[in-house]
Amino acid sequence: MAGIYIHIPFCRSKCYYCDFYSVSRKDLYSRFTDTVIEEWHSRKKDFPDFSTLYIGGGTPSSLPLDELKRLLDLFRHKRFEEATIEVNPDDVNVDLLELLTDSPINRISMGVQSAVTSELKSIGRRHDFEAAKKASSLISDYGFDLSLDLIYGLPGQTLDSWIFSIQSLLSLNPDHLSCYILSFEPGTRLELMRRKGEIFETSDTTLETYYRELCSRLSDAGFRHYEISNFAKEGHEAVHNSNYWNFTPYLGLGPGAHSFDGINRSFNPPSVQNYIKSGGKGFNIVEETLPHDRINDYIMIRLRTAAGIDIGDFSKRFGSENTEILLSQAKPLISQTLLNRSQSRIAIDESHWLISDSIISDLLF
């Protein structure tokens with residue numbers, strides 16, 4: 001089984017931290033939808049059956065309802081194990097949820113990011129927490145699984161305000177939480193503000209304090225920390241995203257979307273105008289990767305998860321010789337308790353996930 005990802009490249013405004021591809025072009029909505037439909041029909045034959053659907057962006061909920069309906073109608077008769085759409089709190093209303101109810105969508109992911117108005121304004125978010133509360137209540141009333149996003153390390157954030165945000169989001173009774181450290185990506189307004197000295201990065205020591213507070217409070221609330229940034233109540237882990245980490249194939253539609261056929265990765269260039277000109281055909285570019293690139297990709301992705309690397313699966317994919325190299329490189333990290341080793345797996349303990357990059361770098365081929 002494979003997954004489908006559809007990238008909606010439209011936003012009403014750009015959040016200061018975001019480096020995902022998006023534009024503000026209402027005049028392109030209809031032609032964009034036409035092109036996604038054409039791309040779907042031209043590429044779906046190259047993938048096996050699909051078990052998950054994820055509509056992300058950008059801001060999928062900014063798409064007019066008639067255009068969103070056209071996309072959802074592609075899958076009207078398909079039964080997905082999980083079908084997710086991302087929304088902004090200020091886009092959630094009865095009309096949107098009625099449309100989603102009459103579609104395959106069964107899970108909604110909403111970017112809240114903070115419960116503190118000043119922190120939301122510091123990163124260019126349009127909503128306030130009251131809007132997030134109303135949206136969450138409405139989503140739950142309609143029976144969708146609810147996933148919420150949080151960011152820590154925000155400008156002006158304190159330990160008290162971080163705890164307030166955690167507890168405020170827990171009060172919305174989500175099934176899943178994705179919690180990220182604020183990143184300063186090249187080309188974003190946030191990075192420009194940092195370079196001008198208007199804001200400052202949060203220290204590693206403070207981020208570690210926030211992280212430990214997060215892990216403790218979510219554990220107490222019944223959430224399992226199953227991936228470095230993701231926490232879920234039992235049975236509510238994100239199936240689509242977990243399939244990314246399990247190297248399940250997926251088909252990406254739309255400008256800026258990526259695909260994986262089980263061996264090779266490919267991408268659609270991030271240009272909605274050129275995407276529309278292509279008519280949805282021949283726009284995808286295959287990325288050339290060497291065997292050691294695939295090994296490193298596997299190591300980096302799997303060690304972001306609580307399950308870690310299944311040694312048997314690694315050996316099946318990459319051979320016994322490479323497995324011996326991996327285990328040899330892992331020995332000093334295991335002796336330093338930076339890696340946990342069981343008979344069948346190696347994994348990074350939750351307490352060390354914030355320094356996972358430095359641990360993983362010692363394992364790369």
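In case you missed it, the structure is sitting above this.
Below, the structure is looked at part by part.

Calculation notes
- Residues numbered from 1 in each chain as written.
- Predicted model: local features only at pLDDT ≥ 70, side-chain atom pairs only at ≥ 80, totals over all residues.
- Heavy atoms only, no water.
- Buried < 20%, exposed > 50% of the residue type's maximum accessible area, 1.4 Å probe, protein only.
- Helix = DSSP H or I, 4+ residues; strand = E, 2+ residues; numbered from the N terminus.
- Pairing = 2+ DSSP bridges.
- Phe/Tyr/Trp six-rings, centres within 6.5 Å; stacked < 30°, edge-to-face > 60°.
- Contact = heavy atoms within 4.5 Å.
- Axes fitted to C-alpha atoms, helices over the stretch in contact; angles between N-to-C directions.
- Parallel < 35°, antiparallel > 145°, perpendicular 65-115°, else oblique.
- Left-handed = near helix turned anticlockwise from the far one by under 90°.
- Nonpolar A, V, L, I, M, F, W, Y, C, P; charged D, E, K, R; others polar.
- Right-handed = clockwise from strand over helix to strand, strands pointing away.
- Disulfide = S-S within 2.5 Å.
- Expected span 1.5 Å × (residues − 1).

1. Brief notes about the pairing of strand β5 (residues 145–152)
- Counting buried positions along β5 gives 7 out of 8 residues, so the element sits mostly inside the fold.
- Relative to β5, strand β4 (residues 107–113) is paired through 6 bridges, and the arrangement is parallel. When the bridges of β5 are listed, Gly111 appears paired with Asp149.
- Inspection of the sheet shows β5 paired to strand β6 (residues 176–181) by 6 bridges, in the parallel sense. When the bridges of β6 are listed, Ile151 appears paired with Tyr180.

2. Structural notes on the packing of aromatic side chains
- Enumeration according to the criterion identifies 20 aromatic pairs in this entry.
- Considering the side-chain rings of Phe247 and Phe260, the 6.1 Å spacing of their centres and the 75° angle between planes classify their relative orientation as edge-to-face. Of the two residues, Phe247 is situated in the loop between α9 (239–245) and β9 (250–253) and Phe260 in strand β10 (residues 258–260); the sequence distance between them amounts to 13 residues.
- For Phe260, a relative accessible area of 5% gives the class buried.
- Taking 6.2 Å as the distance between ring centres and 45° as the angle between the ring planes, the aromatic pair formed by Tyr250 and Phe260 counts as tilted. Residue Tyr250 is found in strand β9, and its partner Phe260 is found in strand β10; the two are separated by 10 residues along the sequence.
- A relative accessible area of 10% means that Tyr250 is categorised as buried.
- Here the aromatic residues Tyr244, Phe247, Tyr250, Phe260, Tyr298, Phe314, Phe318 and Phe365 are joined through ring pairs into a cluster of three or more.

3. Considering the side chain of Ser229
- Structurally, Ser229 is set in the loop between β7 (224–227) and β8 (230–232).
- According to the relative accessible area criterion, Ser229 is buried, its value standing at 10%.
- The residues contacting Ser229, other than those within four sequence positions of it, are Leu177, Ser178, Cys179, Tyr180 and Arg304.

4. What to know about the packing of helix α6 (residues 159–170) against helix α8 (residues 204–220)
- For the pair α6 and α8, interaxial distance at closest approach is 10 Å and the crossing angle is 25°. Comparing their axes, α8 and α6 come out roughly parallel. Handedness of the α6/α8 crossing: right-handed. Between α6, through Leu159, Trp162, Ile163, Ile166, Gln167 and Leu170, and α8, the contact on the second element is made entirely by Thr209, Tyr210, Glu213, Leu214, Arg217 and Leu218.
- In terms of residue class, the contact of α6 with α8 is built from 8 nonpolar, 2 polar and 2 charged.

5. Observations concerning the sheet that holds strand β15 (residues 345–347)
- Taking strand neighbours across the sheet as the criterion, the 3 strands line up as β13-β15-β14 in an open arrangement whose pairing is antiparallel. Pairing within the sheet leaves two strands with one partner each, and these edge strands are β13 (309–310) and β14 (340–341).
- Bridge count between β13 and β15: 2 bridges; the pairing is antiparallel. From the neighbouring strand, Asp310 faces β15, where its bridge partner is Arg345.

6. Describing the environment of Gly254
- Position of Gly254 relative to the elements: it lies in the loop between β9 and β10.
- For Gly254, a relative accessible area of 0% puts it in the buried group.
- Considering only alpha carbons, one finds Gly254 and Phe32, 222 residues apart in sequence, at a separation of 8.1 Å.
- Dropping the residues within four chain positions of it, Gly254 is found in contact with His7, Phe32, Glu39, Asn268 and Tyr275.

7. Considerations on the pairing of strand β2 (residues 50–57)
- Across the 8 residues that make up β2, a large majority, 8, are buried.
- Bridge count for strand β1 (residues 2–8) against β2 is 7 bridges, and the pairing is parallel. Bridge pairing in β2 places Tyr5 opposite Tyr54.
- Crossover β1 to β2 through helix α1 (residues 29–43) is right-handed.
- Sheet analysis places β2 next to strand β3 (residues 82–87), joined by 4 bridges and oriented parallel. Bridging from a neighbouring strand, Ile55 pairs with Ile85 of β3.
- The β-α-β motif built from β2, the intervening helix α2 (residues 65–72) and the parallel element β3 has right-handed crossover chirality.

8. Focus on the state of the cysteines
- Within the structure shown, the criterion is met by 0 disulfides.
- You can see Cys15 has no disulfide; the closest cysteine sulfur is in Cys18, sitting 6.3 Å from it.
- Cys179 supplies the cysteine sulfur nearest to Cys215, a cysteine that is in no disulfide, at a spacing of 8.7 Å.

9. Regarding α6
- Its 12 residues give α6 an end-to-end C-alpha distance of 17 Å, which sits within 8% of 16 Å, the value for a rise of 1.5 Å per residue.
- Inspection of α6 places Ser161, Trp162, Ile163, Ser165, Ile166, Ser168, Leu169 and Leu170 among the buried residues, and these make up the whole buried set.
- Considering only its buried residues, α6 is in contact with β4, α4 (117–122), α5 (129–141), β5, β6 and α8.

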